[in-house]
Amino acid sequence: MAQLDLAAPMNAPAQSAAKAKGAWGPLLLLALTITNAAAMRGVFSPIQELAERELHFSDFQISLIQGVAASIPIAVLSIPVGRMTDRGNRARLLFGLSLLWTIGTFWTVFAPDFWQMFFARMFAGAGAMCSLTVAISMVADFSTPDNRGRSMLLLSLGTMVGAAAAFALGGMLLGYFAQPGAPQLMGGLTPWRSVHLLFGVASAVLTSMLLLLREPARTEISDGAHASLRDALREIWDRRALLGPLFLGQVTVVMADAAAGIWAAPVLTRSYHQTPDQFAGWMGLVILGSGVVGAVVGGVAADLGHKSKLTNGILIGAVAAAVLSLPGAFFPLLPTIPAFAWTLALLLTCGAITGLITATAIAVLVPNEIRGVCLGAFIVIGAVIGFGVAPTMVTWISDALGGDSAIRYGLAATGALTSVLAAIGFIGAMRAKTA
C-alpha cells in the first residue's frame, strides 16, 4: 500500500504510486478533500430559509446566490484550471482551490447583504467545483485504466459524503444553536451563521492536510503532451461526436441534481412543514446512501462496460441510470415524507452513477494531455447551465404556477425534462465513433 511521504516536496514525482494498483493513501486524501469541498458548497442549502428570512431575500435572489454565484467564476476559471491541471503542479493547485472555498465559507458567516453573500458563495462554489478537475486528473495517475472506475468511486463517495454532512451536521448544529441557552459564538452570531463558522474551521484544518500530498507522475502521455491550448481544443473538437452528446447527458444530470439539492429543503419546509433539525438526519442518510450505492454501481458498471464488446460500452450504465431517474424527478409531488425520501434517493443515486461513469469515460477515452481541458470544459458548461440556469428555472416555473408555494411543481418539471434530455445525450454518446 502506498503511503504519503511527509518528507517529500509537493512537486516530487510519485513514480511507484502511478504504477501501483492501489495508491490508497493519496487517493483517500483526495477523496477527503472532495468531501470537504462538497460540504462547504452544500452547507448553505439546508439552512438557506433562515438566511432568506433574516436578510429579507426573495426566492429569485436565493437562486442567484445558489446558482449564478457559483456558475460565473467556474465558467471563467475552469478552462485555465484545466490547462494548469494538464501542465502544472496539481497538488499545489488543489491546495490553492481549497483555500478559496475556505475563505468563501468564512465570508458567508459575516455577509450582511445580498451582494456580499453572493460573492461569498461565489468563492465557495468556484473553489469546490474547480477542484474536481484536479482531483480526477490526479486519481487517473494514481490508478491504472483497469481499476480507474473503482478509484473514481472514492471521489464520488467523497462528494456524496460531503453533501450528506452538509445536511446532517448543518441541520443538527442549527437545531443545537437555536435552543434556549445555547452558546452564541463570537458574541452573538445567529444560529445559521454559527454553523458556517464551525464548518469553516473544519475546512481550514482539512486544507492544511493537503500540504502532505505529492504530485503523481503523469502516465499515458502521447506525442501531443505539450500542445498549445488551441491544439488541445482542436483535439476536443475532433472528438465532438462523442463529447457533444456526453456533454448533453451529464450537464442535464447536473441540472436535475443542482435543482434538487437547492430546493429540496425549502419544499420540505413549505409543503411538508418540516424544520431543518427535523429533516437533517434523514436527508443526510438519503444523500449518503444514494451516493454510496450510486458510486459502487457506477464504478462497477464503468469497469464492466469498458470490458464489454459494445461500442463505448463504458457508458451503458449511464444510459440506464438516466432512464431510471425520470420517476425520481417527481419526488417533490409525493404525498408523504417517506415517499419523498425514497424517490429523491432514486434521483440522486442515478445522478451519482452517471457522474462517475462520465468522469471515468473521459479518463479512459480522452488522452491525458487534453484530459484536464476537457474536464474543465465540462465543468464550464455544467456550471453555466446546470447551476446557473436550473435553480432559477425552478423559480420561473413556480412563479408561473402560483409563486413561492408552487416551488415543488417547478422542481418536478425541471427534473423530469432534464432526465429525458440526459437519456438522449448518453444514448447519442454510446453511438458515436471514437478515435
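Preceding this paragraph is the structure being described.
Since we're looking at a predicted model, the values are computed, not measured.

Conventions adopted
- Residues numbered from 1 in each chain as written.
- Predicted model: local features only at pLDDT ≥ 70, side-chain atom pairs only at ≥ 80, totals over all residues.
- Heavy atoms only, no water.
- Helix = DSSP H or I, 4+ residues; strand = E, 2+ residues; numbered from the N terminus.
- Buried < 20%, exposed > 50% of the residue type's maximum accessible area, 1.4 Å probe, protein only.
- Contact = heavy atoms within 4.5 Å.
- Areas by Shrake-Rupley, 256 points an atom, 1.4 Å probe, with all protein chains shown as cover.
- Patch = residues over 30% accessible without salt bridge, like charges linked within 9 Å, V, L, I, M, F, W, Y side chains within 5 Å.
- Salt bridge = Lys/Arg side-chain N within 4 Å of Asp/Glu carboxyl O.
- Phe/Tyr/Trp six-rings, centres within 6.5 Å; stacked < 30°, edge-to-face > 60°.
- Lys NZ or Arg CZ within 6 Å of the ring centre and 35° of its normal.
- Axes fitted to C-alpha atoms, helices over the stretch in contact; angles between N-to-C directions.
- Parallel < 35°, antiparallel > 145°, perpendicular 65-115°, else oblique.
- Left-handed = near helix turned anticlockwise from the far one by under 90°.
- Nonpolar A, V, L, I, M, F, W, Y, C, P; charged D, E, K, R; others polar.
- Core = buried A, V, L, I, M, F, W, Y, C linked by side-chain atoms within 4.5 Å.
- Expected span 1.5 Å × (residues − 1).
- Polar contact = N/O pair within 3.5 Å; in protein donor to acceptor, adjacent residues only side chain to side chain.

Turning next to the overall build of the protein. Assigned secondary structure in the protein consists of 16 helices and zero strands. Taking all 435 residues of the protein together, 60% fall into the buried category. Taking the intrachain contacts of the protein between residues at least 6 apart in sequence as the baseline, contacts between residues at least 24 apart amount to 83%. Counting every atom, the protein has about 16600 Å² of accessible surface; 70% of that belongs to carbon and sulfur.

With that settled, the discussion passes to a nonpolar patch on the surface. Taken together, the side chains of Leu248, Leu326, Phe330, Leu333, Leu401, Tyr409, Leu417, Val420, Leu421 and Ile424 present a nonpolar region at the surface, about 840 Å² in accessible area. Among the elements that line the nonpolar patch, the one with the most residues is helix H16 (residues 407-431), at five residues. With respect to the element layout, Leu248 can be found in helix H10 (residues 240-271). By relative accessible area, which is 35% here, Leu248 ends up partly exposed.

Here the focus is the packing of aromatic side chains. Describing an aromatic ring pair means giving the distance of the ring centres and the angle of the ring planes. Counting across every chain of the model gives 12 aromatic pairs. Considering the side-chain rings of Phe114 and Trp115, the 5.0 Å spacing of their centres and the 75 degrees angle between planes classify their relative orientation as edge-to-face. For the ring pair Trp115 and Phe118, a centre distance of 5.5 Å and an interplane angle of 65 degrees mean the geometry is edge-to-face. Of the two residues, Trp115 and Phe118 both sit in helix H6 (residues 114-141), three residues apart, roughly one turn of that helix. Ring pairing ties together the aromatic residues Phe57, Phe114, Trp115, Phe118 and Phe119, which thus form one cluster. Of note, Arg408 hangs over the ring of Tyr409, and the distance from its end group to the ring centre comes to 6.0 Å.

Our focus in this paragraph is the packing of H10 against helix H15 (residues 390-401). Packing of H10 against H15 brings their axes to within 8 Å, and their N-to-C directions diverge by 65 degrees. Put simply, H10 runs roughly perpendicular to H15. Relative to H15, the crossing made by H10 is right-handed. Judged by residue contacts, Met255, Ala259, Ile262 and Trp263 of H10 engage Ala390, Pro391, Met393, Val394 and Thr395 from H15. Across the contact of H10 with H15, the residue classes break down as eight nonpolar, one polar and no charged.

What follows concerns the pattern of salt bridges. Summed over all chains, the structure comprises five salt bridges. Residues Arg193 and Glu54 are paired through a salt bridge, measuring 3.2 Å at the closest nitrogen-oxygen approach. Residue Arg193 is located in helix H8 (residues 191-208), and its partner Glu54 is located in helix H3 (residues 48-55); the two are separated by 139 residues in the primary sequence. Judged by its relative accessible area of 32%, Glu54 falls in the partly exposed class. In this structure, the salt-bridge partner of Glu215 is Arg90, at a minimum N-O distance of 2.8 Å. Here Arg90 lies in helix H5 (residues 90-110) and Glu215 lies in the loop between H8 and helix H9 (229-238), a separation of 125 residues in the sequence. Considered together, Glu215 and Arg90 belong to a single accessibility category, that of buried residues. Overlapping salt bridges, with partners in common, bring together Glu49, Glu52, Asp59 and Arg270 in one network.

In this section: the environment of Pro80. Relative to the helices and strands, Pro80 is located in helix H4 (residues 59-87). Residues Pro80 and Val373, spaced 293 residues apart in sequence, show a C-alpha to C-alpha distance of 7.9 Å.

For the rest of this paragraph, the subject is the environment of Gly127. Examined against the element boundaries, Gly127 turns out to sit in helix H6. By relative accessible area, Gly127 is classed as buried at 0%. Expressed as a C-alpha distance, the spacing of Gly127 and Leu94, which sit 33 residues apart in the sequence, is 8.9 Å. With residues up to four places along the chain from it excluded, the contact list for Gly127 reads Leu97, Leu100 and Trp101.

Next up on the list: the nonpolar core. Among the nonpolar cores identified, the biggest contains 62 residues, and Leu243 and Leu315 are the most heavily contacted of them. The biggest single contributor to this core is helix H13 (residues 337-365), with eight residues. Non-local contacts of Leu315, meaning those with residues more than four positions away in its chain, are made with Leu242, Leu246, Ile357, Ala361, Ala429 and Met430.

Attention shifts here to helix H12 (residues 316-328). Here H12 contains 13 residues, and its C-alpha end-to-end distance of 19 Å stays within 8% of the 18 Å for a straight helix at 1.5 Å per residue. Along H12, the residues classified as buried are Gly317, Ala318, Val319, Ala321, Ala322, Ser325 and Gly328.

Here Thr85 shows up in helix H4. A relative accessible area of 0% means that Thr85 is categorised as buried. A distance of 2.7 Å separates a polar atom in the side chain of Thr85 from the backbone oxygen of Val81.

All right, on to the packing of helix H2 (residues 24-42) against H6 then. Between H2 and H6, the shortest axis-to-axis distance is 9 Å and the interhelical angle comes to 160 degrees. As the angle between them shows, H2 and H6 are arranged roughly antiparallel. Crossing hand, H2 versus H6: left-handed. Residues Leu27, Leu30, Ile34, Ala37, Met40 and Arg41 of H2 form the contact with H6, whose own contacting residues are Arg121, Ala124, Gly125, Ala128, Met129, Ser131, Leu132, Ala135, Met138 and Val139. The residue makeup of the contact of H2 with H6, split by class, is 12 nonpolar, two polar and two charged.

The subject of this paragraph is the side chain of Asn36. Looking at where Asn36 falls in the secondary structure, it is placed in helix H2. For Asn36, a relative accessible area of 3% corresponds to the buried category. Ignoring any residue separated from it by four or fewer positions in sequence, one finds Asn36 in contact with Ser98, Trp101, Ser203, Leu206 and Thr207.

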